[in-house]
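In case you want the letters, here they are:
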Protein chains: 2
Amino acid sequence: MVVLSLFVRGCTLIYVQNKRNLLKCSKYGTVFTTGLALFTTKNELNTKNFMAVPITPLDRLAQRPDDMKTKMEVIIMEIQSEVCKALEKEDTVSFKVDRWERQEGGGGITCVLQNGKVFEKAGVNISVVQGELPPSAVAQMRSRGKKLEDGKLPFFAAGISAVIHPVNPMVPTIHFNYRYFEVQSGNETQWWFGGGTDLTPYYLNVADCIHFHSTLKEACDKHDKSYYPKFKKWCDDYFHVVHRGERRGVGGIFFDDLDTPSKEECLNFVTDCAKAVIPSYIPLVKRHKMANYTKVEREWQLLRRGRYVEFNLIYDRGTKFGLYTPGARYESILMSLPLYAKWEYMNQPPKDSPEEALLEVLRNPREWVETDMNKKQVLQ
Amino acid sequence: MVVLSLFVRGCTLIYVQNKRNLLKCSKYGTVFTTGLALFTTKNELNTKNFMAVPITPLDRLAQRPDDMKTKMEVIIMEIQSEVCKALEKEDTVSFKVDRWERQEGGGGITCVLQNGKVFEKAGVNISVVQGELPPSAVAQMRSRGKKLEDGKLPFFAAGISAVIHPVNPMVPTIHFNYRYFEVQSGNETQWWFGGGTDLTPYYLNVADCIHFHSTLKEACDKHDKSYYPKFKKWCDDYFHVVHRGERRGVGGIFFDDLDTPSKEECLNFVTDCAKAVIPSYIPLVKRHKMANYTKVEREWQLLRRGRYVEFNLIYDRGTKFGLYTPGARYESILMSLPLYAKWEYMNQPPKDSPEEALLEVLRNPREWVETDMNKKQVLQ
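Small disclaimer: the values here were computed from a predicted structure and weren't measured.

Trainee: How do you make sense of the relation of the copies chain B and chain A when you look at a structure like this?
Mentor: Note on the chain copies: they are related by a rotation about an axis and a translation along it. Mapping chain B onto chain A calls for a screw motion: a turn of 180° about the axis and a shift of 0.0 Å along it, with 0.0 Å RMSD after fitting. The symmetry that links the two subunits is that of a two-fold axis. The position closest to the rotation axis in chain B is occupied by the C-alpha of Ala341(B), lying 2.6 Å away. Of all interface residues in chain B, 97% are interface residues in chain A too; the two copies therefore contact each other through one and the same surface.

Written as structure tokens, this is what we have:
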């Protein structure tokens, strides 16, 4: 949902695939089974598990297997497929796959599952785009401290973005987004990674929050013990529905402009975070998807989805910039919005209700897992 | 919904009134029955028909009956009451009245009817505020050509804003907003009026559009024959959901910065426009409120309400500035949002369906009534 959508514009849908019916990709033979070995011994890409053929032509990917642009595109294709399959396993409905191209270069693959038994609306989108950065985007990057020249700058961006809105109010909504950027300024290529995963429950379940945050922390800790506490706070600060003084949900991690210690190490970190999505979330789906609920819980879920819409349309950087860009593929940007939402004037949950308990946490973000920095705060 | 909400901040709700239970206002005796004669012979204000006691203390209003600030406050109180009563007559549910004050000066009266048989959510809000303009508002006004000094400038603003979302998909949504502004810059007081009324149908009914636009045109023509064509185009340009290339509805009138030919004449014009709301809209409510409809029409109405939310949260000036202002009374700003809304990925109405007919008009605004300027275009 975040920065990438900025570039999703001037797109034409060139390929609609209702069933998994890939072009003949299986000809690429066997693959190494460890690490990032997505190429065969003949340097051919194994695409048979992807949701659609990659945006970049296969021969170009094969020509530059060590380029970070290739690695990131392959990783997000893989994550997209894993996430869609993990979600389909919990439901009876399949993802609709739209592969689209962008006039100015690149394109995307948008997978949406709508009106499922378990998921009311789930969107998993990848985009791989290049072209010239619009001046507004350059200005925005400069304001974040990037040293960039004036004028139009060539860029490349590849990312995955997903929002999953379940049917059952006891199952939280999840959002994640991981992205890689390159910008050419003068003779220099600047690059960075960004991303995050965050959870938006309708009813507070402390065990869920601890499981979710612990899984993210584990992914972070493998790379740098300072990441989780830093990115957890960044997440609380970012997903802030300012006018209501509420966070969108119970947080997770969020980061941007990550360019140390090395490109490879950043990719490994982002990959581990993205791979943590399924183990952080699917157990919560399994745990609650059959939970009983009444109209009261459904109406509360719809009200909270209204707040989700408020955040995405008013504050979210990527959504805003994307939609302000003429010719944006708004269907891919707005797939993050829930199927239904509600706004009631002056809604106030009863005192000591489970709805009020959620609000309390949204107003005062908590520490869910112990870190070196918060030993005394956890679950106080 | 528009500019006024900018100043609705730092408010405390001081007075909640569930039934019409005004303070003893009837003591003010009889009134002149013509024109703007809202004061008694003893220079006392007749408030007995208002939804609540005015925001400005009655003795202060009585001290300055000829001041435009007083006149505008009295007019919007009167319009609020007339509109609420006209809507209540069509439904079985009454308006809830919230009178609130603003720490920095002034306040508002928010009337909301929710979950009616005819109106799903109807909000009619007045606000009367003064204080210092935030620099962002000064900048915005300068960008519209106002010559204002640097720094914080004292201002006064009074306005009425309403959005009516009916239950039946055959009854359109209506929005109107009329406002008066004063800003002190140096020794000079600058003033202007703004406002508009616009219609958002879910199903196109040409007779409704003609009736609605004709009623607005009649109000405009009494003052200046150039107003209707100019303000009709302004309305089409303003209520533009840019990323979708659609207008929010079938338009109406919209204007800002009106300061000619005189203060009095502007007030008369704004009053006539506001008084045209009931005759432009209530006949459509009566005509369609009992119309048959199925789930198909309801779901389409919800989708279109999603577009309404998109416009209000992404583009509407007043909503945006209001919500970005710390401490905003967001309940009054967001009362414009529908009770329920829907977002479906890649929704496309069937060819030659009534839903497609609406989209066609939203994509290509039409001329609904003949003017000196459009003789050849009307209903082509």
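Trainee: Before we go on, may I ask you to explain helix H3 (residues 135-143) of chain A in this structure?
Mentor: Residue and element names in this part refer to chain A. Within H3, the full set of buried residues consists of Ala137, Val138, Gln140 and Met141. Looking straight down H3, one finds its buried side chains confined to an arc of 160°; they lie on one side. Facing away from the buried side of H3 by more than 90 degrees, the exposed set consists of Pro135 and Ser143. Summarising the contacts, the buried residues of H3 are in contact with strand S4 (119-133), strand S5 (153-166), strand S6 (173-185), strand S7 (188-200) and helix H9 (317-324). The first or second residue beyond H3 is Gly145, which carries a positive phi of 100°.

Trainee: What am I meant to see in the pattern of salt bridges here?
Mentor: If the charged atoms of two oppositely charged side chains come close together, the side chains can form a pair. Under the counting rule described, the total for this entry stands at 60 salt bridges over all chains. Between Arg99(A) and Glu101(A) there is a salt bridge, and its shortest N-O distance comes to 3.4 Å. The exposure class assigned to Glu101(A) is partly exposed, which follows from its relative accessible area of 31%. Residue Glu120(B) is joined to Arg298(B) by a salt bridge in which the shortest nitrogen-to-oxygen separation is 3.1 Å. Of this pair, Glu120(B) sits in strand S4 (residues 119-133) while Arg298(B) sits in helix H8 (residues 295-315); the two residues are 178 residues apart in sequence, bridging distant segments of the chain. Like Glu120(B), the residue Arg298(B) is buried in the burial classification. The structure contains a network of salt bridges with shared partners spanning Arg144(A), Lys146(A), Arg179(A), Asp256(A), Asp257(A) and Arg317(A).

Trainee: Where do I start with unusual backbone geometry in this structure?
Mentor: Most peptide bonds are trans, and most residues other than glycine sit at a negative phi. In the segment running from Thr260(A) into Pro261(A), the intervening peptide bond is cis, with an omega of -5°. In the Ramachandran plot, Asn115(B) falls in the positive-phi region, its phi being about 60° despite a non-glycine side chain. Within the element layout of this structure, Asn115(B) appears in the loop between strand S3 (106-114) and S4. Given a relative accessible area of 51%, Asn115(B) falls into the exposed group. Of note, the phi angle at Asp257(B) is positive, near 60°, even though the residue is not glycine. Assignment of secondary structure puts Asp257(B) in strand S10 (residues 251-258).

Calculation criteria
- Residues numbered from 1 in each chain as written.
- Chains lettered and ligands numbered in written order.
- Predicted model: local features only at pLDDT ≥ 70, side-chain atom pairs only at ≥ 80, totals over all residues.
- Heavy atoms only, no water.
- Least-squares fit on C-alpha atoms with pLDDT ≥ 70 in both.
- Contact = heavy atoms within 4.5 Å.
- Buried < 20%, exposed > 50% of the residue type's maximum accessible area, 1.4 Å probe, protein only.
- Helix = DSSP H or I, 4+ residues; strand = E, 2+ residues; numbered from the N terminus.
- Arc of directions from axis to C-beta.
- Salt bridge = Lys/Arg side-chain N within 4 Å of Asp/Glu carboxyl O.

The values are spatial; any link to function lies outside them.
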